[in-house]
Amino acid sequence: MTEPYVRPAVPGQRRAGSTGVPDEAAPTWTPTPALRRAVLLTGLFLVAGALLGRVDLVVLATPFALGTVYALRRRPSLAPELAIAVDDNNLVEGSPLVGAIGVGNRDEVGYDLVMIRAVVSKWLRIDRVAFSAGDVEPDTVVVDTPARGGTPEPEQPARRSATDRPYGFTVPAGTISDLELRGETLRWGRHSVGPVAVRAAACDGLLVSQTLLSDARAVPVYPVTEPFDADQAMPRAAGLVGGHRSRRPGEGGELAGVRIFGPGDRLRRIDWRVSLRARQLHVAAMLSDRDAEVVLLLDVLAEAGRSGGIRGSASVLDTCVRAAAAIAEHYLHRGDRVSLLEYGPSARRLRPATGRRQYLTLLEWLLDVRVEQSPHEPYDQVFGPQLLSSNALVVVFTPLVDGRSAKMLARLARSGRFVVAVDTLPPSATPPARGQWTDVAHRLWRLDRDNTIGQLREHGVPVVTWAGAGSLDLVLRDVARLASAPRPALR
């Protein structure tokens with residue numbers, strides 16, 4: 001359960017999940033209209049009977065008086081308690097969601113009726129609600145609620161969450177009743193279950209509690225990792241040890257050649273066949289295996305496309321986040337260092353590291369990716385050449401909608417970095433129709449964008465559309481060939 005409820009946020013409401021001192025002056029339980037009617041009728045019958053001298057009116061008032069006194073013989077003094085629990089361990093898109101809303105009664109008087117209603121994020125679809133009274137199945141309706149960074153799919157019927165309606169049940173004294181929620185996660189991000197409003201009635205409906213509001217419970221949903229595998233070597237390996245073949249001699253598994261035995265060479269490296277033929281000791285020279293650094297740069301200047309969740313179409317942010325998670329998982333599994341950067345107003349940055357801990361930190365970092373609008377443009381100062389290693393492979397996820405994105409790519413290429421641009425603009429992304437020239441203007445913009453992509457390729461920036469496994473093999477092979485050539489650098 002949550003902490004004891006404290007000072008009401010507004011008159012007639014009490015809020016859960018915060019700290020403070022309860023307001024003793026504010027009553028927890030208030031009379032209902034039924035109690036007022038019972039007292040009014042009893043008083044009218046008694047006064048009329050006394051003034052008119054009619055015993056029958058007093059007899060008619062007796063059931064109202066006795067029923068009210070009997071119902072109020074034991075009155076509750078404590079407000080109900082509320083808690084939200086969600087099994088949020090390793091939730092990904094499309095995984096089942098299990099949660100519960102618990103209402104506790106610490107008083108010695110049971111609650112005749114508890115009305116509860118919860119607000120749940122549209123990307124957490126609740127299909128089934130279970131409690132002591134049985135199961136309730138939701139209806140199917142159309143919900144016109146815009147998604148973050150897009151709009152819902154018009155061709156897919158949306159289902160109203162089962163928590164969009166209030167539920168009533170009883171809570172005996174000294175017990176906790178749970179409202180179990182079961183459903184499915186539809187999209188990555190930080191979603192919420194709550195706030196939840198609860199109101200209880202006791203004493204046969206003559207007393208009602210104040211409306212209790214709980215804080216929302218955050219539910220992190222991680223993106224689905226699309227399959228990705230890059231078989232090509234990295235352009236330049238820079239670490240001491242790792243899984244990539246380098247051009248530097250050392251202790252590795254790739255044969256570089258055979259040379260004459262020298263001081264410091266290991267005996268197990270002696271090539272006896274060559275030594276017997278040459279009448280002199282020769283050793284096998286190996287190429288060292290080194291790790292590499294991969295920088296994933298996410299362009300969050302603009303959003304386009306419609307986000308339909310795990311089973312719908314993908315927007316620009318959906319493609320960026322899912323592709324970045326897949327590429328990061330691939331290179332972290334091979335022992336490389338991976339870092340993340342945002343090209344936007346916030347300019348968030350995740351330092352390079354390796355291992356499973358970096359992968360979990362990376363997933364948490366990706367949950368906060370969103371498009372932000374700001375009049376300030378600190379991009380040239382934030383993404384300077386000094387922040388990116390000269391040996392790092394920079395993978396930029398960009399829709400190439402904003403002109404500043406193309407300038408950023410060209411600036412990175414001129415600085416001598418190994419840059420690969422991943423086009424994240426959905427093919428179905430079209431602007432809303434605002435007139436008869438909308439389609440013509442969109443086609444002209446597409447042609448201008450194709451010219452920009454061609455100019456980037458002339459500057460040595462390969463642009464490839466994300467297509468899952470093997471998307472970067474061809475461009476990585478070309479970048480690896482360019483790595484052996486002299487590179488221009490800005491001074």
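Residues numbered from 1 in each chain as written. Predicted model: local features only at pLDDT ≥ 70, side-chain atom pairs only at ≥ 80, totals over all residues. Heavy atoms only, no water.

Trainee: Sorry, what's going on with the packing of aromatic side chains here?
Mentor: Each aromatic ring pair is characterised by the separation of its centres together with the angle its planes make. Tallied over the full model, the rule gives 2 aromatic pairs. Here the aromatic rings of W29 and Y111 are separated by 5.6 Å at their centres, their planes lie at 45°, and the arrangement is tilted. With W29 in strand β2 (residues 29-31) and Y111 in strand β5 (residues 111-120), this pair connects stretches of sequence that are 82 residues apart. Neither W29 nor Y111 differs from the other in exposure class; each is buried. In this arrangement the basic side chain of R73 is found over the ring face of Y70, its NZ or CZ atom lying 4.1 Å from the centre. Over the ring of W123 we find R187, and its NZ or CZ is 5.6 Å from the ring centre. (Phe/Tyr/Trp six-rings, centres within 6.5 Å; stacked < 30°, edge-to-face > 60°. Helix = DSSP H or I, 4+ residues; strand = E, 2+ residues; numbered from the N terminus. Buried < 20%, exposed > 50% of the residue type's maximum accessible area, 1.4 Å probe, protein only. Lys NZ or Arg CZ within 6 Å of the ring centre and 35° of its normal.)

Trainee: Any chance you could explain the sheet that holds strand β17 (residues 337-343) here in plain terms?
Mentor: For sheets, the rule is that strands pair by backbone hydrogen bonds, running either parallel or antiparallel. Strand order in the open sheet formed by 6 strands is β18-β17-β16-β19-β20-β21, with mixed pairing between adjacent strands. The open sheet has two edge strands with one neighbour each: β18 (349-353) and β21 (463-465). Averaged over all pairs of adjacent strands, the angle between strand axes in this sheet comes to 20°, irrespective of strand direction. The pairing of strand β16 (residues 293-299) with strand β19 (residues 393-398) spans 5 bridges and is classified as parallel. When the sheet's bridge partners are listed, V295 is paired in β19 with V394. Contacting β16, β17 and β18, helix α5 (residues 356-366) runs over the sheet at an angle of about 165° to β18. (Pairing = 2+ DSSP bridges. Axes fitted to C-alpha atoms, helices over the stretch in contact; angles between N-to-C directions. Contact = heavy atoms within 4.5 Å.)

Trainee: Looking at this structure, I do not really get the packing of helix α4 (residues 316-333) against α5. What am I missing?
Mentor: Each pair of packed helices gets described by two things: the angle between the helix axes and the distance between those axes. The geometry of α4 relative to α5 is characterised by a closest axis approach of 10 Å and an angle of 170° between their N-to-C directions. One way to sum up the angle between α4 and α5 is to call them roughly antiparallel. Across the interface between the two elements, V321, A324, A325, A328, E329 and L332 from α4 touch Q358, Y359, L362, L363 and L366 from α5. Class assignment for the residues of the contact of α4 with α5 results in 9 nonpolar, 1 polar and 1 charged. (Parallel < 35°, antiparallel > 145°, perpendicular 65-115°, else oblique. Nonpolar A, V, L, I, M, F, W, Y, C, P; charged D, E, K, R; others polar.)

Trainee: Would you mind showing me how to read α4 here?
Mentor: An α-helical turn contains 3.6 residues, so a residue and the one three or four places further along point in the same direction. Counted at 1.5 Å a residue, the expected span for α4 with its 18 residues is 26 Å, and the 26 Å between its end C-alpha atoms agrees. When you tally the buried positions in α4, you get 16 out of 18 residues, the bulk of the element. Directly after α4, the chain includes G335, whose backbone phi takes a positive value near 90°. (Expected span 1.5 Å × (residues − 1).)

Trainee: Would you explain the environment of R349 in this entry?
Mentor: Tracing the backbone shows R349 in strand β18. Accessibility expressed as a relative area gives 46% for R349, which makes it partly exposed. Linking R349 and S339, residues 10 residues apart in sequence, is a C-alpha distance of 7.7 Å.

Trainee: Help me out: how do you make sense of the nonpolar core in this one?
Mentor: Within soluble globular proteins, side chains that are nonpolar generally end up buried alongside one another. In terms of nonpolar packing, the biggest core is built from 40 residues, with L296, L298, L366, V395 and F397 touching the most fellow members. Elements supplying a minimum of two residues to this core: β16, α4, β17, α5, β19 and β20 (418-423). Of all the elements, α4 adds the most residues to this core, at 12 residues. Leave out the neighbours within four places in its chain, and L296 touches A324, I327, A328, V338, S339, L340, L341, V395 and F397. Counting 34 residues, the second largest nonpolar core, distinct from the first, contains L82, I126, V196 and L207. (Core = buried A, V, L, I, M, F, W, Y, C linked by side-chain atoms within 4.5 Å.)

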